[in-house]
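# Structural description and commentary
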Amino acid sequence: DTGVTQSPTHLIKTRGQQVTLRCSPISGHKSVSWYQQVLGQGPQFIFQYYEKEERGRGNFPDRFSARQFPNYSSELNVNALLLGDSALYLCASSWGTGNEQYFGPGTRLTVT
Amino acid sequence: GEDVEQSLFLSVREGDSSVINCTYTDSSSTYLYWYKQEPGAGLQLLTYIFSNMDMKQDQRLTVLLNKKDKHLSLRIADTQTGDSAIYFCAEIPPPSGGSYIPTFGRGTSLIVHP
C-alpha cells in the first residue's frame, strides 16, 4: 500500500510570498491533519479535516488555511510568509478523526 | 508540547534495553502513542495503548501505562544502532468539537553506541 505522500519535498520562499503544500492520504483514509514541526520541537497541530470539513484548528494565525478535496487529498496554504514559518510541515492521515494517524515524509519549507 | 513532557536525551549501548519516559497531563486521554522520527523523515507510528490498558507488548517494544501518575514508558529490548532516532510521545485528549487532536512531547533523542 502507498503511504501518505506529500509534495513538494523541499521549498524555498521569500518573506511575504505565499505557499501551497499538498498531501495525499492513505487509500481509504478520510481524515487529514496538518502539523508544523520546528527544529528541536514536537509537531504542533494546525488543522484537521474529515470528509472535506474542518474539524479542528490549532493556535495558528489566519495566514494559515487548508482544504480537503472530494478524493480526500488536502492542501495547506500559508500567506504572507514570515521567517518563523520555516519548518517541516507534516501531513497525517487516519480513517476517522479518532483513529491512529500515519504521517507523510513532510515538506521542508525555508523562508529567507 | 508543554502538556506532554519527555527527557531530551538517552544514550545506551547496543544490546541493552532502552526505556523512554513520558508524562502527560490530561487524565481523560483515551489514546497514547509512540512515534519514531529518523533524521529528515516523517514520524513513524510505533505503537499505541488505550487508556484502559496497563501494558502492551509488540515484539521488542513494551509500553507501560501508569494512569495514576500519568506516566507512560516505552521499553526497547535488545536496542540496535538502527533504533537511534527521536521518539515522540503523544496523547489524545477527549474530543473537542468532534476532533481528536494529539499533543506531542518535544521528543527524546535515543543514541545507541556500538
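To keep things clear, this report deals only with the structure shown in the data block. (Residues numbered from 1 in each chain as written. Chains lettered and ligands numbered in written order. Predicted model: local features only at pLDDT ≥ 70, side-chain atom pairs only at ≥ 80, totals over all residues. Heavy atoms only, no water.)

### Focus on the pattern of salt bridges
Summed over the entire model, instances satisfying the criterion amount to 10 salt bridges over all chains. Of the charged contacts, one joins A:D85 and A:R63 as a salt bridge, the two residues approaching to 2.8 Å between their closest N and O atoms. Remark: A:R63 occurs in the loop between β6 (53-57) and β7 (64-68) and A:D85 occurs in the loop between β8 (74-78) and β9 (87-94); sequence separation between them is 22 residues. Across this residue pair, the class does not change: A:D85 and A:R63 are buried. Across the salt bridge formed by B:D83 and B:R60, the nearest N and O atoms sit 2.9 Å from each other. (Salt bridge = Lys/Arg side-chain N within 4 Å of Asp/Glu carboxyl O. Helix = DSSP H or I, 4+ residues; strand = E, 2+ residues; numbered from the N terminus. Buried < 20%, exposed > 50% of the residue type's maximum accessible area, 1.4 Å probe, protein only.)

### Quick notes on the nonpolar core
By size, the foremost hydrophobic cluster in this structure holds 22 residues, and its most contacted members are A:W34, A:I46, A:L76 and A:Y89. Broken down by secondary-structure element, the contributors of at least two residues to this core are β3 (19-24), β4 (31-37), β5 (44-50), β7, β8, β9 and β11 (107-111) of chain A. Not counting residues within four places of it along the chain, the set of residues in contact with A:L76 comprises A:V19, A:T20, A:L21, A:W34, A:I46, A:F47, A:S65, A:A66 and A:Y89. Listed in part, the 20 residues of the second largest apolar core include B:L72, B:A85, B:Y87 and B:L110. (Core = buried A, V, L, I, M, F, W, Y, C linked by side-chain atoms within 4.5 Å. Contact = heavy atoms within 4.5 Å.)

### Quick word on the packing of aromatic side chains
Geometry of an aromatic ring pair is reported as the spacing of the ring centres plus the angle between the planes. Using the criterion set out here, one finds 13 aromatic pairs over all chains in the structure. Taken together, a centroid distance of 5.4 Å and an interplanar angle of 35° make the contact between B:Y33 and B:Y48 tilted. Highlighted residues: B:Y33 in strand β4 (residues 31-37) and B:Y48 in strand β5 (residues 43-50), separated in sequence by 15 residues. Each member of the pair, B:Y33 as well as B:Y48, is classed as buried. Look at B:Y48 and B:F50: their rings are 5.6 Å apart centre to centre, the planes differ by 85°, and that puts the pair in the edge-to-face class. Ring-pair connections join several aromatic residues into one group, and the members of that group are A:Y35, A:F45, A:F103, B:Y31, B:Y33, B:Y35, B:Y48, B:F50 and B:F104. (Phe/Tyr/Trp six-rings, centres within 6.5 Å; stacked < 30°, edge-to-face > 60°.)

Interpretation note: all reported values are geometric properties and have no functional meaning in isolation.
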